[in-house]
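# Commentary on secondary and tertiary structure
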Amino acid sequence: MAAALLAMHAGAQAQQAPQMQLQRVDITAGIHRIDAQVAVTPEEREIGLMFRQDMPAQEGMLFVFEQPATQCFWMKNTLLPLTAAFVAEDGTIVNLADMKPQTLDSHCSAKPVRYVLEMNQGWFAKKGIKAGSKLSGAPFRKAQQ
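Residues numbered from 1 in each chain as written. Predicted model: local features only at pLDDT ≥ 70, side-chain atom pairs only at ≥ 80, totals over all residues. Heavy atoms only, no water.

Helix and strand counts for the chain stand at 4 helices and 9 strands. Ordered by position from N to C terminus, the α and β elements of the chain give α-β-β-α-β-β-β-β-β-β-α-β-α. The buried share of the chain, taken over its 145 residues, is 43%. When contacts within the chain are restricted to residue pairs at least 6 apart in sequence, those whose partners lie at least 24 apart make up 69%. With an accessible surface of roughly 7,600 Å², the chain has 55% of that area assigned to carbon and sulfur atoms. (Helix = DSSP H or I, 4+ residues; strand = E, 2+ residues; numbered from the N terminus. Buried < 20%, exposed > 50% of the residue type's maximum accessible area, 1.4 Å probe, protein only. Contact = heavy atoms within 4.5 Å. Areas by Shrake-Rupley, 256 points an atom, 1.4 Å probe, with all protein chains shown as cover.)

The next thing to look at is unusual backbone geometry. With a phi close to 70°, Phe-51 is a non-glycine residue in the positive phi region. Assignment of secondary structure puts Phe-51 in the loop between α2 (42-47) and β3 (59-69). Residue class for Phe-51 comes out buried when judged on its relative accessible area of 11%. The residue Asn-77 is not glycine, and still its phi comes out positive at about 60°. As for its placement among the helices and strands, Asn-77 is situated in the loop between β4 (72-73) and β5 (82-87). Here Asn-77 falls in the partly exposed class, since its relative accessible area comes to 24%.

Now for the side chain of Asn-120. Of note, Asn-120 is situated in strand β8 (residues 113-120). Given a relative accessible area of 18%, Asn-120 falls into the buried group. Among the polar contacts listed, one links the side chain of Asn-120 to the backbone oxygen of Met-55, at a separation of 2.9 Å. (Polar contact = N/O pair within 3.5 Å; in protein donor to acceptor, adjacent residues only side chain to side chain.)

Time to look at the pattern of salt bridges. Under the counting rule described, the total for this entry stands at 7 salt bridges. Where Glu-59 meets Arg-24, a salt bridge forms, and the shortest distance between an N and an O atom there is 3.6 Å. Placement of Glu-59 in strand β3 and of Arg-24 in strand β1 (residues 24-29) is noted, with a sequence separation of 35 residues between them. Note that Glu-89 is salt-bridged to Arg-114, the shortest N-O span being 3.6 Å. With Glu-89 in the loop between β5 and β6 (93-99) and Arg-114 in strand β8, this pair connects stretches of sequence that are 25 residues apart. (Salt bridge = Lys/Arg side-chain N within 4 Å of Asp/Glu carboxyl O.)

In C-alpha cells:
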C-alpha cells in the first residue's frame, strides 16, 4: 500500500503539466451552467487542477469518490485561487471553502460527502450559491430519484 501511495505521489510530482484530457460533465447550479472536468481515479484526483495557469469562469473540476467520507483538499502546486464546494450524494452543497494557491492548508468537508466541485474563487459567492444550495446533473441523478 505504501509503495502504491509513493508511486502515485511520484507520478503527480513528475507531472508538470495540467491534466486537460479528462472526461467532462454538465452541472447546473440554479440557472448557472458548469462545464466540469471529472476526476475519478486516485491519480486524477491527486493531480486535480495542479499546474493550471487559468480556467474559464464557467469551468471547474468535479472530484468523484466511491463512498461518502470526510474529504480534505490542499493546494500544493495549484496556481489558481479556488473555492471548493463539498457536495453530498444528492447534489446538496454541505460547505464551501476558499483555498489559497500553493499552500498545504487543509480544507475539509463538514460531514461525509461523495463529491467536491472546485471553481475559480468567488464564483459561488457571485452567483449566490451557498451551503444548502443544490447542484443538478448526471452525477447526482441516482440519489435525487
